[in-house]
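So the chains spell out like this:
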Amino acid sequence: MRSDIPTTISRLDYQPYPYLLPNVELEFDLDAAATKVSARLHFQRKPDAAADLPLVLDGSELELVSVAIDGQALRADQYELSGETLRLFPRSAAFVVEITSLCKPAENSSLMGLYVSGASLFTQCEAEGFRRITWFPDRPDVMSRYRVTLRADKSRYPLLLSNGNLLQSRDLDDGRHEAVWEDPHPKPCYLFALVAGGFACREQTIRTRSGREALLQVYSDPESRDKTEWALESLARAVRWDEQRFGLELDLDRFMVVAARDFNMGAMENKGLNIFNSAYVLADAESATDASFRAIEAVIGHEYFHNWTGNRVTCRDWFQLSLKEGLTVFRDQEFSADMLAADLPEAEARSARAVKRIDDVTTLRIAQFPEDAGPMAHPIRPESYQEIGNFYTATVYEKGAEVIRMQHTLLGEAGFRAGLEEYFRRHDGSAVTCDDFVAAMESVYARQHPGKNFEVFRRWYSQAGTPRVQVKMDYDQALGRCTITLSQHCEPAGIEKLQVPPAAKPPLHIPFALGLLGREGQALSLQHEGQARDTVLLDLTAASQSWSFDGIPERPVPSLLRNFSAPVIVEYPYSDAELTLLAGHDTDPFARWEAGQELAMRQLLALVAAIQAGQPPRVDPGFVQVWHALLDDKTLSPAYQARALTLPAEKILLERTSPMDPQAVAHARAELRGVLGAELGSSWLRIYQECADEPQEYHPDALQAGRRALQNLALSYLMAGAHPQAPKLALDQYYEAANMTDRMGGLSALVNFSDTPAATQALGHFYEQWQQDPLVVDRWFTLQATAPTTSVEAVRALMLHPAFTLRNPNRARSLIFQFCMNNLQGAHTPEGYQFWAEQVVALDRINPEIAARLARAFDNWARYVPANRDAIRQALETIQSHSPLSRNVSEIITKALK
Ligand code: 0A1
Ligand code: ZN
C-alpha cells in the first residue's frame, strides 16, 4: 500500500512532458503469480526541450529486472530508482529504452494495473494503473502507437486480447501460445488493456455509415453467455446513434466488450477493448430488473461514446477529467432519452424524455448537491488533488454533464453539433483542456450571437458550490406587464469556507427557462427576442437582471427552471395553491413534477419539525388531494406517474434539514408514505390491478417498464398503508413473478414493510433459488442492507454468510455501502458510525480506491444534529488514527476533519 506523505498536485503546475513516445512495444509473459513485462519505448526529445533533462518514468509495485538504452544495459549507478520514479539520463535526442520488470497479479487486490478475477487476467489503467504494469510516462498527454505480444499457458488462458487488431497468433512449445495485437490509433497509456482467460463470445457484424464492416463482440464467462444479448444489441444501437445524432463513426474493425466479476467502477473505455463490471453487461428477464437493463444500455453507450470523446480527443492532464466525462455523460443521457422516446408519438416521447430528465436530476440532487455543499466540494475542473482516484466524482461526471447540457441549451441542437464538429476539427488525435472545448463551442456561439461570448460561462469550470437563483415577480395590472427579476448567489464551498476573507464568487452564465401560467393553468404566450413562445430562455449573466413581458392579462404563476435548464437551486415564495396549480397543469412535464415534489417537501419538512418537537405528525389533507389527483390523472404515462407519486428521496430531504437530522427524516418520510398509502388505499389498489392486468412477454421498453414501476410503487404504498390485501398481493407477486422486476417488487414490499415470518421465508427462498448468480445474490444483500429494520448486528451477521466477501467490490458495495449510505435508520447511530469506521479501515488494506469511496459516506457530518455530528467525528478520528492509511483514504479523512 502506498502511504507516503501526501503531496498536493496543482492544476497550474502543469508542465508538458519533454519527450515524445510515438511507438511502444510490449511483451507479456502472463502468469497469475508473476508476469514478466518487457517494454521497448521509442523516445524522441521534443525540439524545445532542454538536452540535459532526465527521462522520468512512473512505476509502482514493480520489480525491476533490467533496463537498457539503445541496447546498452544500464548498471545500477546509471539510473536512479526511488519511490515511484525511475530516472534515466539519455545522451541522444532519439533513443530506445528497454525495461524488463515483474508484477504480481494474484497479489493485486487493488484491481488497478494487472489483476486476477476468477480464473482470468484483466487490466485497469485509468487513472494511474499503467505504472503498475511497467515503468512508463503514466500521464494522458503522452500518446503512442502500441504493439503488444501476449504469451500464456493455452489451457488456462485460451483467449488473449488487447487493443486494436489481432496481427497473428500461434502456438508455442510447452503448452503456451502467443497473440500479437496492434492498435493503429495513438493513445495514452490509461487506455491500454489486456484480457486473458476462457470466455464465451457473442458477436455481430455491422456496417458503419460509410460502408465499412465492423465486428462487435461481447465476452463473458461461458455460463453467462445467454445473458449478453441485451448488451450486444445496446452496443449496436450506440454505434448507430452516434452516427445519426453526431455524425461520429466507429474507427475500428473490431470493438470488444469483456465482462469482469471484479471491477472497481462501472466500466472502462480502453480503445477497442472495453472492460466492464459484469453488472453492466449481464441481463435476462429472470435475473435482471428493468433498471439494470436501462443501466446496461447507458453504460455500454457511455463507454462506446468515449471512443470519440475521450479517446480520439483525450485529456491533457487529469484536472481536465470532466472534458471527457461530463461530455460523455451528457451523450449517454441523450442516448438513453432517445432510446426511451424511440417510436413513441410526439406527446408520449416528450413524457419519456422528461422521465429520463427527472431521473438524472434526482441523481444529481442525491449525489452531487451534497458533495458541492461538503468538505470535498470542487469545481468540475478541480484545482488540486492528492489522489486522482478520489476525483471520479458526481461533480466531475454529473455536474460536468449539466455544464455541457447548458452549452447545448445555449447553442441549440444544430449549434451544439457544429461546435462538436469544430472541436474534432481542431483537436482530433490530441490531448487537450476544458478551455479548448469551450473555445470550440464559443466559436459557434459567437457566430450565432454577434457580440456575445462564453467569458462568463467559463466560470462554471472554476467555481464550486450550487448557485442559488432568487426569483422575484412583479405584475402591473394596468400595463398588463409581468417583470421577472433573477438574482444569483453562490456560497463559499469546500476549502473556500476556510478562506479569510472569503473568495469573491463572480456571477455565472445561467440559462434559465421560464414559462407563465394563467390562473386556470393555461400556458401564456411570451414575447421574447422578437418571437412568441410558451417557454423563453433568459440569459442570466450578472448578479441580478430583469425581464418584462407585456400582454399578460392577469397575475400569472411562474413556471421556473423548466426542464432543469441549469444546475442551480431556485428560490421563489410560491403559495401552496400555486404549486398545486403547477403540479396539476404545468405544460412542462419536468416543472410539473418539480411542483409536486416541492409540495411533498413542504409536507415532509413540517413532519420533521413535528417529530423533532415531539408533537403528533399531521398531514395536510390538501396535500393528500394533490397525490389523489395525480393518481387519477389518466393522461399521464405510467412511468411519469410513478415518478410524480414517489416522495422526495431521504437524502434530498436530509439536505433540506438544518441541522441535518437523519432519524427524523427517515421517520417523517415513512409516516407520510403510510398516510398516503392508507388514505388513498382504494386508488392504489385500482392502479395495482390495472398495471398487473396486462400479461405480456417481457421486454424492458419504456411502456412495460413504466407499468411495472407504477405497479411496484402502488404495492409499496399499499404495504405502507397496511392495506389488508397488501401482504397477500406482495407474496403472490413474489412467488408468481415471471421477471426479476416483479419478483424484487414483491420481495422488497415484504421485507421493507413487514418483519414477518413470511418475509423471512421469502428471503430464504430467494437465496436458495439464486445462489449461483452473483449479481442476484448482490440484490439479496442489498435488500437486507437497506431494510429499515436492519441493525448493525444484522449486518455483521450477514458478513459471516459464506457468500460474503470484502474482496469483491460489487459484494462489498451490496452490503456495506448500501447499509452505510442508504439505511438512515440503521446506519445513523453511534454503533453504525463505528461499524463504518471499521469497514473503511478493513477495506483500505484490500482496495484503497473502494475504501476511499466508503470513507465519504458521512461527508457532511459537521451539519448534523449534535449527537450524530459528535459520533461521526469520533469515527473519523478512529480512521485517522490508523496507520498505515492509503493516500486515497487519508485525503478524504483529512479534508473531512479540516
Ligand atoms: N473512465 C471510466 C471510469 C473509470 C475510472 C477508473 C476506473 O478504475 C479505477 C475504472 C473506470 C468511465 O467513465 O466509464
Ligand atoms: Zn466515462
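How each quantity is defined
- Residues numbered from 1 in each chain as written.
- Chains lettered and ligands numbered in written order.
- Predicted model: local features only at pLDDT ≥ 70, side-chain atom pairs only at ≥ 80, totals over all residues.
- Helix = DSSP H or I, 4+ residues; strand = E, 2+ residues; numbered from the N terminus.
- Rg over C-alpha atoms; globule rule 2.2 N^0.38 Å.
- Buried ≥ 20, exposed ≤ 12 C-beta atoms within 10 Å, placed from the backbone.
- Contact = placed C-beta atoms within 7 Å.
- Near = placed C-beta within 6 Å.
- Pairing = 2+ DSSP bridges.
- Axes fitted to C-alpha atoms, helices over the stretch in contact; angles between N-to-C directions.
- Domains from an automatic or database assignment.
- Core = buried A, V, L, I, M, F, W, Y, C linked by C-beta atoms within 7 Å.
- Left-handed = near helix turned anticlockwise from the far one by under 90°.
- Nonpolar A, V, L, I, M, F, W, Y, C, P; charged D, E, K, R; others polar.
- pLDDT = per-residue confidence, 0-100.
- UniProt positions renumbered as here; feature names shortened; annotations may be inferred.
- Expected span 1.5 Å × (residues − 1).

(A) A look at the overall build of the protein chain. Along its length, the protein chain carries 25 helices and 34 strands. Against the 2.2 N^0.38 benchmark of 29 Å for 898 residues, the protein chain shows a C-alpha radius of gyration of 28 Å, consistent with a compact globule. Principal axes of the C-alpha set define a box for the protein chain whose edges measure 90 × 70 × 60 Å. Of all 898 residues assigned to the protein chain, the portion counted as buried reaches 50%. The contacts in the protein chain between residues at least 6 apart in sequence include a share of 70% that link residues at least 24 apart.

(B) Spotlight on the site of ligand 1. The local shell around ligand 1 holds 14 residues, among which Q124, E126, N264, M265 and M268 are the closest. At the level of elements, strand 20 (267–268) and helix 2 (290–305) are the ones that each hand at least two residues to the shell around ligand 1.

(C) The arrangement of the sheet that holds strand 17 (residues 200–207) in detail. One open sheet holds the 5 strands; their spatial order is 17-18-19-21-20, and the pairing between them is mixed. Sheet topology places strand 17 and strand 20 at the edges, where each strand pairs with a single neighbour. The sheet contacts of helix 1 (residues 229–246) involve strand 17, strand 18 (213–220) and strand 19 (254–260), and relative to strand 17 the element is tilted by about 25 degrees.

(D) A look at the sheet that holds strand 16 (residues 194–197). Strands sit in the order 10-11-16-13 across an open sheet of 4 strands; the sheet is antiparallel. Here the strands that pair on one side only, and so sit at the sheet edges, are strand 10 (113–117) and strand 13 (159–162). Between one strand and the next, the sheet's axes are offset by a mean angle of 15 degrees, whatever the strand orientation. In this sheet, strand 11 (residues 120–124) lies alongside strand 10 in antiparallel orientation, the contact comprising 5 bridges. Bridged to G113 within strand 11 is Q124.

(E) Seen up close, the domain arrangement of the protein chain. For the protein chain, the assigned domains are domain 1 (1–198), domain 2 (315–461), domain 3 (468–573) and domain 4 (582–754). One C-alpha centre belongs to domain 2, the other to domain 3; they are set 22 Å apart. Residue-level contacts link 18 residues of domain 2 with 14 residues of domain 3.

(F) Structural context of the nonpolar core. Residues V195, A196, V258, I275, A714 and L854 are the most contacted members of the largest nonpolar core, which totals 265 residues. Discounting chain neighbours no more than four positions away, the residues touching A714 are W684, I687, Y688 and C691.

(G) A look at the packing of helix 4 (residues 346–372) against helix 5 (residues 394–427). Taken N-terminus to C-terminus, the directions of helix 4 and helix 5 make an angle of 115 degrees; their axes are 9 Å apart at the nearest point. Here helix 4 and helix 5 pass one another in a crossing that is left-handed. Along its contact with helix 4, which presents T363, L364, A367, Q368, E371 and D372, the element helix 5 presents A394, T395, E398, K399 and E402. Taken together, the residues that form the contact of helix 4 with helix 5 break down as 3 nonpolar, 3 polar and 5 charged.

(H) Quick peek at the confidence of the model for the protein chain. Mean pLDDT over the protein chain stands at 97; residues scoring 70 or higher make up 99%. The complex prediction reports pTM at 0.99, with the ipTM value standing at 0.99.

(I) Just the UniProt feature "domain: Peptidase M1 alanyl aminopeptidase C-terminal" (unreviewed entry) in the protein chain, in detail. Mapped onto the present numbering, the UniProt feature "domain: Peptidase M1 alanyl aminopeptidase C-terminal" (unreviewed entry) falls on residues 576–898. Annotation note: span residues 576–898, helix share 73%, strand share 0%, distance between end C-alpha atoms 41 Å.

(J) How the structure looks around the environment of P567. If you trace the backbone, P567 turns up in the loop between strand 33 (557–560) and strand 34 (569–571). For P567, a count of 26 C-beta atoms within 10 Å corresponds to the buried category. The sequence separation of P567 and T289 amounts to 278 residues, and the corresponding C-alpha distance is 30 Å. If we ignore the near neighbours within four places in the chain, the residues touching P567 are L364, K399, E402 and T466.

(K) Fine view of the packing of helix 3 (residues 321–341) against helix 4. Direction vectors running N to C along helix 3 and helix 4 enclose 145 degrees, while the axes themselves pass 8 Å from each other. For the pair helix 3 and helix 4, the sense of crossing is right-handed. Contacts between helix 3 and helix 4 pair Q333, S336, A337, L340 and A341 from the former with A349, A352, R353, V355, K356 and D360 from the latter.

(L) Expanded view of the environment of P382. Relative to the helices and strands, P382 resides in the loop between helix 4 and strand 23 (384–385). The contact partners of P382, leaving out residues within four places of it in the chain, are R11, F319 and F391.

(M) Focus on helix 14 (residues 702–720). Between its first and last C-alpha, helix 14 extends 26 Å over 19 residues, near the 27 Å set by a 1.5 Å rise per residue. Of all 19 residues in helix 14, 17 are buried; the element is thus mostly enclosed. One or two positions beyond helix 14, positive phi appears at A722, with a value near 55 degrees.

(N) Main features of unusual backbone geometry. Omega for the peptide link from V500 to P501 comes to -10 degrees, which places this bond in the cis form. By the secondary structure assignment, P501 is in the loop between strand 26 (481–489) and strand 27 (510–517). Positive phi is not limited to glycine here, since E61 has a value of about 55 degrees. Within the secondary structure, E61 sits in the loop between strand 4 (55–58) and strand 5 (63–69).

(O) Broad picture of the pairing of strand 21 (residues 273–277). The element strand 21 is extensively covered by neighbouring structure, given that 5 of its 5 residues are classed as buried. Bridge count for strand 19 against strand 21 is 5 bridges, and the pairing is parallel. Directly across from V257, in strand 21, lies its bridge partner N274. Where strand 20 and strand 21 come together, 2 bridges link them in antiparallel fashion. The residue of strand 21 that forms the bridge with A267 is F276.

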